[in-house]
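Here are the chains, one letter per residue:
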Amino acid sequence: MSDSPLHIGPYALPNRLFLAPMAGVTDRPFRQLCRRLGAGMAVSEMITANKALWASKKSLLRANHEGEPEPRSVQIAGADPVMMAEAARHNVDQGAHIIDINMGCPAKKVCNVMAGSALLQHETLVADILESVVKAVNVPVTLKIRTGWDRHNRNGVTIARIAEETGIQLLSVHGRTRADAYKGDAEYDTIAEIKSRISIPLIANGDIDSPQKAQLVLEKTGADGLMIGRAAQGNPWIFKQILHYLNHGQLLATPDVNEICKVLLEHLENLYDFYGDYTGVRMARKHIAWYSKGLRDGNAFRQHMNQLEHPQQQLRYTRDFFEKIQEQQGSQAA
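Since we're looking at a predicted model, the values are computed, not measured. (Residues numbered from 1 in each chain as written. Predicted model: local features only at pLDDT ≥ 70, side-chain atom pairs only at ≥ 80, totals over all residues. Heavy atoms only, no water.)

Peer 1: Describe the overall build of the chain, and please don't skip the residues or the numbers.
Peer 2: Summing up its helical and strand segments, the chain has 13 helices and eleven strands in all. Relative to a compact globule of 334 residues, whose C-alpha radius of gyration would be 20 Å, the chain shows 20 Å and is just as compact. Here the C-alpha coordinates of the chain stretch approximately 65 × 45 × 35 Å along the principal axes. Looking at the chain as a whole, 56% of its 334 residues qualify as buried. Long-range contacts, defined as pairs at least 24 residues apart, comprise 66% of the intrachain contacts of the chain with a sequence gap of at least 6. Total accessible area on the chain is roughly 14800 Å²; 48% of this is exposed by carbon and sulfur atoms. Measuring between centres, the 38 positive side-chain charges of the chain sit 4 Å from its 36 negative side-chain charges. (Helix = DSSP H or I, 4+ residues; strand = E, 2+ residues; numbered from the N terminus. Rg over C-alpha atoms; globule rule 2.2 N^0.38 Å. Buried < 20%, exposed > 50% of the residue type's maximum accessible area, 1.4 Å probe, protein only. Contact = heavy atoms within 4.5 Å. Areas by Shrake-Rupley, 256 points an atom, 1.4 Å probe, with all protein chains shown as cover. Lys, Arg positive; Asp, Glu negative; His and termini not counted. Charge placed at Lys NZ, Arg CZ, Asp CG, Glu CD.)

Have a look at this one:
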């Protein structure tokens, strides 16, 4: 990975690692945490181009970037060029520095309305959407895609060329087709082929779950940067670990239970502040499950946690759980 800064329009990113946008995961508290722990860029959860939903609580929360470092990238999703252009203008007016277009989501509820990766079947419509959005705003526009619709229709190269021709300034590619969802192995050869056919920066995404894998993906694809999604769930340290390995060739020690507990408690507090107690407790459950994965007695801890209804209960039980692990480790060491 190049040592020189990666630029998106006028913005020089601190490094070339991106947190992938994930619905229900990459809210403001998680984006801020990952940025603090090494992500150079964090793209928001997708916001619909349907104007009727912009005032919904969910959309307003997704568009909330208060206190986040610049540049702030907002992802929009839809299938109508006019609506997508209007959505781009709206989000720029609300403070977005970069607009990212979602043509990579494989979820049925998105694809069934011909948005996300369903658009890859319709190259003319892709061109119309990209051109409309780029012309609608005076900020950089980026694009997230998959390698194609299915294994018989890998048109990622064609879509990438359309993107470059219409003025897209950076392309992220998840190395699977829409039909593959998250099954099988990511197609790094296909990403490499796309990279070789365009001159705009390409960010590789898919199955990057360790510093060594990050190095391998860079070597196989020639990508200008990396995007990490599921591997950051419960493990926001992965960005710092990858950066250190790429820069120094050495592996950082994995966080100890004290560090995991400290970061988790901070994350929980931020979720309660952001969502309020009721929703915050429910959003916290999945994060608690990810952080505790692989820890001793983690399954019983998660089952009990899912019964708790109040922030202070979650915080107290989390502290007790990690203190017990530390005591067990201390007695074993003795």
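Peer 1: I'd love a proper account of helix H11 (residues 277-291), names of residues and values included.
Peer 2: Note that an α-helix has 3.6 residues per turn; residues three or four places apart therefore point the same way. Relative to the 21 Å expected for 15 residues at 1.5 Å per residue, H11 spans 20 Å between its end C-alpha atoms, a close match to the ideal helical length. Of the positions making up H11, those classed as buried are Gly 280, Val 281, Met 283, Ala 284, Arg 285, His 287, Ile 288 and Tyr 291. (Expected span 1.5 Å × (residues − 1).)

Peer 1: Give me the sheet that holds strand S10 (residues 202-205): which residues, what numbers.
Peer 2: What holds strands together in a sheet is hydrogen bonding between their backbones, with the strands either parallel or antiparallel. One open sheet holds the nine strands; their spatial order is S4-S3-S11-S10-S9-S8-S7-S6-S5, and the pairing between them is parallel. The strands lining the two open edges of the sheet, one partner per strand, are strand S4 (41-42) and strand S5 (47-48). Sheet analysis places S5 next to strand S6 (residues 73-77), joined by two bridges and oriented parallel. Among the inter-strand pairings, Ile 47 is bridged to a residue of S6, identified as Ile 76. This element, helix H6 (residues 156-166), spans strand S8 (141-146) and strand S9 (170-174) of the sheet and lies at about 175° to S8. Across the sheet, helix H9 (residues 238-248) is in contact with strand S3 (17-19) and strand S11 (225-228); its angle to S3 comes to roughly 165°. (Pairing = 2+ DSSP bridges. Axes fitted to C-alpha atoms, helices over the stretch in contact; angles between N-to-C directions.)

Peer 1: Run through the pairing of S9, naming residues and quoting values.
Peer 2: A large share of S9 lies buried, amounting to five of its five residues. Burial along S9 is two-sided: the face carrying Leu 170, Ser 172 and His 174 and the face carrying Leu 171 and Val 173 are both buried. Inspection of the sheet shows S8 paired to S9 by five bridges, in the parallel sense. Following the sheet pairing, Thr 142 is matched in S9 by Leu 170. Summarising the sheet, S9 and S10 pair through four bridges and their orientation is parallel. The residue bridging His 174 from the neighbouring strand is Asn 205, located in S10. Running through helix H7 (residues 188-196), the crossover from S9 to the neighbouring parallel element S10 is right-handed. (Right-handed = clockwise from strand over helix to strand, strands pointing away.)

Peer 1: Just give me the short version of empty space enclosed by the protein, but keep the residues and values in it.
Peer 2: Overall, the coordinates contain one cavity of 30 Å³ or more when judged by the stated rule. The computed volume of the largest cavity comes to approximately 60 Å³. As for the largest cavity, its lining consists of Ile 8, Phe 18, Met 41, Val 43, Ser 73, Ile 98, Asp 100, Thr 142, Leu 170, Ser 172 and Met 227. Only strand S7 (98-103) and S9 provide two or more residues apiece to the lining of the largest cavity. Each residue belonging to the lining of the largest cavity can be placed in one class, and the counts come to seven nonpolar, three polar and one charged. (1 Å grid on protein atoms, 1.4 Å probe; cavity = no way out; pocket = protein on both sides within 12 Å on 5 of 7 lines; lining within 4 Å. Points joined across faces, edges and corners; volume = space filled by probe spheres on them. Nonpolar A, V, L, I, M, F, W, Y, C, P; charged D, E, K, R; others polar.)

Peer 1: Tell me about the packing of aromatic side chains, and name the residues and values.
Peer 2: Enumeration over the complete set of coordinates arrives at five aromatic pairs. Aromatic pair Phe 274 and Tyr 275: ring centres 4.9 Å apart, planes at 85°, arrangement edge-to-face. Residue classification places Phe 274 among the buried positions, given a relative accessible area of 10%. Between the aromatic rings of Phe 301 and Tyr 317, the centroid separation amounts to 5.3 Å while the plane-to-plane angle is 25°, which identifies the pairing as stacked. One end of the pair, Phe 301, is in helix H12 (residues 298-305); the other, Tyr 317, is in helix H13 (residues 311-333), and 16 residues separate them in sequence. According to the relative accessible area criterion, Phe 301 is buried, its value standing at 1%. Grouped by ring-pair contacts, the aromatic residues Phe 301, Tyr 317, Phe 321 and Phe 322 constitute a single cluster. (Phe/Tyr/Trp six-rings, centres within 6.5 Å; stacked < 30°, edge-to-face > 60°.)

Peer 1: So what's going on with the side chain of Arg 16? Which residues, and what values?
Peer 2: Examined against the element boundaries, Arg 16 turns out to sit in the loop between strand S2 (11-12) and S3. No salt bridge forms around the buried Arg 16; measuring N to O, its nearest opposite-charge neighbour Asp 224 is 4.4 Å away. From its side chain, Arg 16 meets the backbone oxygen of Asp 224 in a polar contact 2.9 Å long. (Salt bridge = Lys/Arg side-chain N within 4 Å of Asp/Glu carboxyl O. Polar contact = N/O pair within 3.5 Å; in protein donor to acceptor, adjacent residues only side chain to side chain.)

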